[in-house]
Amino acid sequence: MQAQGLASGRGLRPINVARVRSSQLAETFSGLPAGVSKYEIKAWLQAATSRAMGIGRAAKKLLQNLVDTAAPDAYACRGASDGGYNAHMGLVVFKSNRRLAEELEVGEEAVRKSLKQLADAGWIAFRDSTTRKRFAQRDERTGEILVAFGIDLRALCARADELRELANVSEAEFSLLRDIQRNISSLFNQLRVFAAHPCFGPYFTDQEEVLRLADRMRKSRNIVAAQEAFIRLVDRRSELEILFCDLAERGLLEANYRGAPIESSHQRTSNQQPKNQKTSGISFGEEEATIDGFMAEFVAAVEAAEACAAEMSRDGVPNLSEPDEHPTPPSVRVPGVNQMLKTLPDVMLRAGVEFHASSLFSDPKRLLDGYANNSAAVCGLSRAEIQDCRATMGDQAFRTVAFIARFKVGVASPRAYLLGLRNKISLARLSEGGDSIVLDLNRSWFGLYRGSKSEVVH
């Protein structure tokens, strides 16, 4: 509900509840709290987000300009000699809309809209003259402002404590946003490695859309959109890792690009059949140059991803997509990650499946997760069931169980076996005796490894 103001001149100014409250705050303002100056107000205003303040970014930029305009002495004044209507006149900014538009490099209409937004949000008040013009009357001898008409910042100063709280919350949000952006940048580089892979790139069908989203969100200031995009990118990376492991197990990726040393064009033998030579109709030399170009792009993407990970580790940025977010119950004994990496190749070899470490998986846990998720999918688990098993068992226990269910000889129904172990671990999590070992997956894993070694030897 709006009422009409009493100012005459060029029309009446609409007045609402927020503007009435701001005018009352401005007139009753008696000074900032002790220890608070113009520079604290500026710092809090810089830290607080426009969304938290209920205004737009353009309006916040205008408010920062108005705060800069008032002299520091005006903020330092703790009271007025008369204590009446004309107190703290130094906090009334009487710049015209034209001058504000020139300083902000926007149009006058944009300034008017931002002022209206600030007034409706209660961050400024209008102290109007009868003609609605902004001006000040000064003492002829001292130059002190006696009375001023214009944009009243006393409403902002009266809400200093509220602004400080918004700044504290916003600083926490900014810290989280920075961490999310850094993690999205890391994901962007990891996804670039998948897209640049000479053999796997064509299987990454939506690479343009995903990379565009990651590139846009690593510069976004919208924390909600960044969080949603981060979750989507993590899920997409997991899907690509599972697909890569599945293609590698089925032998659909060339061995040169699965962790083996990369050879240059002059090191390759001349009897190799150029890829896509028949369909593309290009010569052998041109195909070699194309492959070299793909490999250069792939190597550059790998180096960028490794440099980004090293920078994040050096700067102490938390890895928000840390694989082991679900701890394994202390009553369940599991093999370590390094132990599994040493023994998994023999376990998979016995089953006729090749194990390939690739530069796409710089983190050993991600490499194990890719093969474990793929093994669980081969056992018949859906994506939702895989996530549920990870949360119930713990990440390391899930990896172990997924491989045992798939590669253990004599398992009639791998799906039922895996879900049965999930239920058993769930009961072990609820057991009161945390020190007693209820389930020893470490022994089961090394039993599986010893059986694979004997079969390989004989």
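Computed from a predicted model, the values in this text were never measured in an experiment. (Residues numbered from 1 in each chain as written. Predicted model: local features only at pLDDT ≥ 70, side-chain atom pairs only at ≥ 80, totals over all residues. Heavy atoms only, no water.)

Thoughts on the overall build of the protein
Then, in step 1: Scanning the protein for helices and strands turns up 19 helices and 8 strands.
Then, in step 2: Counting the 458 residues in the protein, one finds 43% classified as buried.
Then, in step 3: If you take every contact in the protein between residues at least 6 apart in sequence, the share linking residues at least 24 apart comes to 75%.
Then, in step 4: Roughly 23600 Å² of accessible area belongs to the protein as shown, and the carbon and sulfur atoms make up 51% of that amount. (Helix = DSSP H or I, 4+ residues; strand = E, 2+ residues; numbered from the N terminus. Buried < 20%, exposed > 50% of the residue type's maximum accessible area, 1.4 Å probe, protein only. Contact = heavy atoms within 4.5 Å. Areas by Shrake-Rupley, 256 points an atom, 1.4 Å probe, with all protein chains shown as cover.)

Details of helix α4 (residues 57-69)
Then, in step 1: Relative to the 18 Å expected for 13 residues at 1.5 Å per residue, α4 spans 19 Å between its end C-alpha atoms, a close match to the ideal helical length.
Then, in step 2: Of all the positions in α4, only A59, K60, L62, L63, N65, L66 and V67 are classed as buried. (Expected span 1.5 Å × (residues − 1).)

Let's talk about the pairing of strand β5 (residues 135-138)
Then, in step 1: Inspection of the sheet shows β5 paired to strand β6 (residues 145-152) by 4 bridges, in the antiparallel sense. Across the sheet, the residue bridging to R138 is I145, located in β6.
Then, in step 2: Counting the residues that bridge the hairpin from β5 to β6 gives 6 residues, and of these G143 lies at a positive phi of roughly 75°. (Pairing = 2+ DSSP bridges.)

Considering the pairing of β6
As a general feature of sheets, a regular strand has side chains that alternate between the two faces.
Then, in step 1: Burial analysis of β6 places 6 of its 8 residues in the buried class, which makes it a mostly covered element.
Then, in step 2: In terms of strand pairing, strand β3 (residues 92-93) meets β6 through 2 bridges, oriented antiparallel. Within β6, the residue paired with V92 across the bridge is D152.
Then, in step 3: With 3 bridges connecting them, strand β4 (residues 125-127) and β6 associate as antiparallel partners. Counterpart to A125 in the pairing with β6 is D152.

So, the pattern of salt bridges
Then, in step 1: If you walk through the whole model with that rule in mind, you get 32 salt bridges.
Then, in step 2: Between D120 and R19 there is a salt bridge, and its shortest N-O distance comes to 2.9 Å. Of the two residues, D120 is situated in helix α7 (residues 108-121) and R19 in helix α1 (residues 17-28); the sequence distance between them amounts to 101 residues.
Then, in step 3: Here D120 falls in the partly exposed class, since its relative accessible area comes to 27%.
Then, in step 4: Residue R99 is joined to E103 by a salt bridge in which the shortest nitrogen-to-oxygen separation is 3.2 Å. Here R99 and its partner E103 are both found in helix α6 (residues 97-104), 4 residues apart, which amounts to about one turn of the helix.
Then, in step 5: Overall, the relative accessible area of 34% leaves E103 in the partly exposed class.
Then, in step 6: What you see here is one network of salt bridges that share partners, running through E27, R127, D152 and R154. (Salt bridge = Lys/Arg side-chain N within 4 Å of Asp/Glu carboxyl O.)

Some details on the packing of helix α15 (residues 364-378) against helix α17 (residues 395-407)
Then, in step 1: For the pair α15 and α17, the least separation of the axes is 8 Å and the interaxial angle reads 45°. By the angle between their directions, the pair α15 and α17 is classed as oblique. When you trace α15 past α17, the crossing you get is left-handed. Contacts from K365, L368, D369, Y371, A372, N373, N374, S375, A376 and V378 in α15 reach F398, R399, A402, F403, R406 and F407 in α17.
Then, in step 2: A per-class count over the contact of α15 with α17 returns 9 nonpolar, 3 polar and 4 charged. (Axes fitted to C-alpha atoms, helices over the stretch in contact; angles between N-to-C directions. Parallel < 35°, antiparallel > 145°, perpendicular 65-115°, else oblique. Left-handed = near helix turned anticlockwise from the far one by under 90°. Nonpolar A, V, L, I, M, F, W, Y, C, P; charged D, E, K, R; others polar.)

Details of the side chain of T400
Then, in step 1: Here T400 shows up in helix α17.
Then, in step 2: Excluding its chain neighbours within four sequence positions, the residues that come into contact with T400 are V334, P335, M340, L441 and W445.

Focus on the packing of helix α16 (residues 383-393) against helix α18 (residues 414-430)
Then, in step 1: Interaxial distance between α16 and α18 falls to 9 Å at its minimum, and their mutual angle equals 30°. Between α16 and α18, the interaxial angle falls into the category roughly parallel. The way α16 lies across α18 gives a crossing that is left-handed. Across from E385, D388, C389, A391, T392 and M393 in α16, the residues of α18 making contact are R415, L418, L419, L421, R422, I425, S426 and R429.

Quick word on unusual backbone geometry
Then, in step 1: The phi dihedral of E105 falls on the positive side, at around 60°, and the residue is not glycine.
Then, in step 2: By the secondary structure assignment, E105 is in the loop between α6 and α7.

A few points about the nonpolar core
Then, in step 1: The biggest cluster of nonpolar side chains holds 74 residues, and the ones touching the most others in it are F403 and L418.
Then, in step 2: In contact with L418, other than residues within four places in its own chain, are A376, C379, L381, C389, M393, V401, A402 and A405. (Core = buried A, V, L, I, M, F, W, Y, C linked by side-chain atoms within 4.5 Å.)

Focus: the confidence of the model for the protein
Then, in step 1: The predicted model of the protein averages 81 in pLDDT, with 84% of residues at 70 or higher.
Then, in step 2: For residues 79-83, every residue scores under 50 in pLDDT, and the model assigns this stretch 3 contacts once sequence neighbours within four places are set aside.
Then, in step 3: For the stretch residues 258-284, pLDDT sits under 50, and the model shows 32 contacts to residues farther than four places along the chain or on other chains. (pLDDT = per-residue confidence, 0-100.)

With respect to the packing of aromatic side chains
Then, in step 1: In total, this model carries 9 aromatic pairs according to the counting rule given.
Then, in step 2: Taken together through their ring pairs, the aromatic side chains of F194, F200, Y203, F244 and F361 make up a single cluster.
Then, in step 3: Taking NZ or CZ as reference, R127 lies 5.6 Å from the ring centre of F149, over its face.
Then, in step 4: The lysine or arginine in question, R218, covers the ring of F188, its NZ or CZ lying 4.1 Å from the ring centre. (Phe/Tyr/Trp six-rings, centres within 6.5 Å; stacked < 30°, edge-to-face > 60°. Lys NZ or Arg CZ within 6 Å of the ring centre and 35° of its normal.)

A closer look at helix α10 (residues 207-217)
Then, in step 1: The set of residues buried in α10 consists of V210, L211, L213, A214 and M217. The buried residues of α10 occupy an angular sector of 160° when projected down its axis, which confines them to one face. (Arc of directions from axis to C-beta.)

Comments concerning the environment of R333
Then, in step 1: Here R333 lies in strand β7 (residues 332-333).
Then, in step 2: Sequence separation of R333 and S436 is 103 residues, and the distance between their C-alpha atoms is 9.9 Å.
Then, in step 3: The contacts of R333, once residues within four sequence positions are left out, are I437, L439, D440, L441 and N442.

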